[in-house]
Structure formats: C-alpha cells, structure tokens
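# Examining the three-dimensional arrangement
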Amino acid sequence: ADEPLKFTEPWADREILFDIPKQQLELVPGEVRIDALGDVEDTKGNNGDHGHLIVTNLRMIWESQRRSRINLSIGLANIVNMSIRLAESRLRGSTRALFILAKTKETRYQFVFTNVMTNTPRLFTTVLAVHRAFESTPLYRNIKLRGAIIQDKQLIILPHEEIYQQLDGVWNLANDAGTLGFMYITNIRIVWYSQANELFNVSLPYLHLANVQKREIKFGKVMVLKTSQCNKGFVLGFRIDPEERLIKTLRMIIRLREVFLASPIYGIDHEVSAEVEDLPPSADDGANDDVEIVPQKTTDACAAYFADNGPREDNTVPVYSAELGLAIEPLRAGVTLESLWTVQ
C-alpha cells in the first residue's frame, strides 16, 4: 500500500522576503541562531534606521527597531557574493559596510548593512564565515547526482551522519535495463551507487524527499521516491527483492524521515568567538569606492533593493503604456507606474 508523507517545501534558506509577518521571522525546525547584532543599519533600504540583525544557519534576518513590520529575510542559498566596501550611512557617515548581492530566479537584489557600533568586526566575520560553511555543506540540503560521495565502495560519512542500513542487490530503474547497485540509509539521506561504477550514484536528503511509496510497474513492485519541486522534482525508482524486504526498507525510510523533519540537520556548525580581532584594511577600501546609498521610498518594499544591472542595452525596446499614452522603458519586475509617482 502507498504510504504518503506530509511534506512542506523548505523555504527559509531559499527565499528573499520583505516585510513579512512576525510568525515567519521565528526560527523554523532545525534553524539555529548563530549570532545577533543589536544595532545594524539597513543602509540600502532603510538608511538611518536602527535595527537588529540575526544570523542563523539558514538565513539573515533584519528587523527595524522602530517599526517591527519593516524587516528582511535573506536565505543563504540566494547569496551570490559578499564584499566589504565604503558606504554613506546616515548613522555612521562614511564607513565600511557589508555589501551582499543576492538573487531569486527572476530578480537580483543588493543589500548593504552597516554596524552602528564601532570597533567590532562581527558583522563581517560572522556573516562571511556562516555563508562559507553553508556553501560547503550542500549534501545535507540538495540532491546530488554523480558526486564524489563513495570511496573504495564505502560511503563518505558526513558530520552527524549515522548509517542505519546498507542494502545490496538494489536496482536503480533510471533506464529501461536497470542498474544493479548498493543503497545506504542514514539519519540524513538515502544514497545509492552502481556496483559497476561508484561514480554513478545519487544522494537524496530527507529534507527534500516529498513522497515515498510502493508502486507496481513493468519491473514489478518498486519503491518510488519523489523530490521537492525546489530541488529539481526528480522521480527515482528502486527495485528491492523480495517484497518483504522492499516494504521493510520503505517503512524504515518513512520513520527516519519523520525523525529528521522533527529536528533537521543542516550541517552548518559555527560558533561565534568571544573575542575577535579587527579586520585588516580591505584592498577595496578607497576614495574611488565610496558609495552613497540614497533611500528609495516606494510602495513596493523590494524596489529599494534592486541591484544595479549596469547600463541599459542600446537595443532595449520601449513598450506602449495605455495609462500614459506614451512609449516608455519596460518596468522592472515588481515596479508599477503608481509606485513610481508615490511619495511617502
């Protein structure tokens, strides 16, 4: 019989959200607060506002101290790069700030944060270190195909990972013929690799296992695993004989996944040092790199953070605006004519 799983798409590390309800600022299961900075300015979007910044193992959360409804949630998976440069802050004047370039599928954003407190580099050291740790631990959060996860016919164990079962004689039904191999079931993921070629493998974390069930196809009764849409939406089939062994394996996976989702392991281990030394002057710090952040107050909260995409292409085609009766430059995603004319 099918054994469906309750599944919610993971979002905290993959979304960029603006002015969200208080409930969404609360930590999700498995999310851990790594550091909290009590006086940080959102220099790009809310220049002059005192706020606090929370750095977790999944995202950065900034909240205005004066208006709690003004906030940001920046998933670490969205960050493209970070740098330390000079910016013009209303609270600190010309000072070093953390510049973050991030993107979603459609849009690029720039965020600039300034630590209002002097003589502390924690804004820079913590965020940079946590993001490095996040980028170095993708196997906890993403499906991986043909990765360097097997060595000498043995699974390379991740920190905090425990093997619960190792199965031989497992057929991967990715092609019409099927491929014979081995399967590992751990407290974090399911791993299969080919008996003939250990580089032909797949690592599937429980975090993105949307559904597991038993089906009957032309190969007989098989276990079908479906991944989340945000993790490529794969459908994987495995044949495990005899049927009693298949059912036992399926039930073990369901049970381990339930335990995992109650307290997910994301693989980011970072502790903030009690004492940190100040950073040496950045090679980018110079008069030519001064950036003045001009607040852009529009009715669209995200509009102030759109990244500068550089000069427009000469072949940009104007579009006709029925509202104005004129040909105008195409508006960026999320921007309306009304918001461009609104002053707050």
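None of the values given here were measured: they were computed from a predicted structure. (Residues numbered from 1 in each chain as written. Predicted model: local features only at pLDDT ≥ 70, side-chain atom pairs only at ≥ 80, totals over all residues. Heavy atoms only, no water.)

A word on the overall build of the chain. If you tally the helices and strands in the chain, you get four helices and 21 strands. For the chain, with 344 residues in total, the buried portion stands at 47%. Expressed as a percentage of contacts within the chain between residues at least 6 apart in sequence, the contacts between residues at least 24 apart total 58%. For the chain, the accessible surface area stands at approximately 18,100 Å², while carbon and sulfur atoms represent 50% of it. (Helix = DSSP H or I, 4+ residues; strand = E, 2+ residues; numbered from the N terminus. Buried < 20%, exposed > 50% of the residue type's maximum accessible area, 1.4 Å probe, protein only. Contact = heavy atoms within 4.5 Å. Areas by Shrake-Rupley, 256 points an atom, 1.4 Å probe, with all protein chains shown as cover.)

Take helix 3 (residues 243-262) next. Between its first and last C-alpha atoms helix 3 spans 29 Å; for 20 residues at 1.5 Å apiece the expected length is 28 Å, and the two agree. Listed as buried for helix 3 are Leu246, Thr249, Leu250, Met252, Ile253, Ile254, Leu256, Arg257 and Phe260. For helix 3, the elements touching its buried residues are strand 12 (163-172), strand 13 (179-186), strand 14 (189-194), strand 16 (209-217), strand 17 (220-227) and strand 18 (235-240). (Expected span 1.5 Å × (residues − 1).)

The sheet built from eight strands is open, its strands ordered 9-15-14-13-12-18-17-16 with antiparallel pairing. Strands with a single pairing partner mark the edges of an open sheet, and in this sheet they are strand 9 (144-145) and strand 16. Direction of pairing for strand 12 relative to strand 18: antiparallel, over a ladder of three bridges. Bridging from a neighbouring strand, Trp171 pairs with Arg239 of strand 18. (Pairing = 2+ DSSP bridges.)

Before going further, it helps to spend a moment on the environment of Val170. Take Val170: it is sitting in strand 12. Take Val170: its relative accessible area is 0%, and that puts it in the buried class. Separated by 68 residues in sequence, Val170 and Phe238 place their C-alpha atoms 6.5 Å apart. What Val170 contacts, discounting residues up to four positions off in sequence, is Thr179, Leu180, Gly181, Met183, Trp192, Phe238, Arg239 and Ile240.

This part covers the confidence of the model for the chain. Counting all residues, the mean pLDDT for the chain is 85, and 83% of those residues have values of 70 or more. Across the chain, strand 14 holds the top mean pLDDT of 98, while strand 19 (residues 291-292) sits lowest at 44. Below a pLDDT of 50 lies the segment residues 274-299, which in the model reaches 51 contacts outside its immediate sequence neighbourhood of four places, other chains included. Counted against residues more than four places away or in other chains, residues 310-314, with its pLDDT under 50, gives two contacts. (pLDDT = per-residue confidence, 0-100.)

Here we take up the nonpolar core. Formed by 74 residues in total, the largest nonpolar core has its most connected members in Met60, Phe111, Phe113, Met183, Met223 and Phe238. Looking at this core, the element that brings in the most residues is helix 3, giving seven residues. Ignoring anything within four residues of it in the chain, the contact list for Met183 reads Gln165, Gln166, Leu167, Val170, Ile190, Val191, Trp192, Met223 and Phe238. (Core = buried A, V, L, I, M, F, W, Y, C linked by side-chain atoms within 4.5 Å.)

Another aspect to go through is the side chain of Asp42. Its location among the elements puts Asp42 in strand 2 (residues 33-42). Given a relative accessible area of 0%, Asp42 falls into the buried group. Ignoring any residue separated from it by four or fewer positions in sequence, one finds Asp42 in contact with Asn47, Asp49, Trp62, Leu72, Val112, Phe113 and Tyr305.

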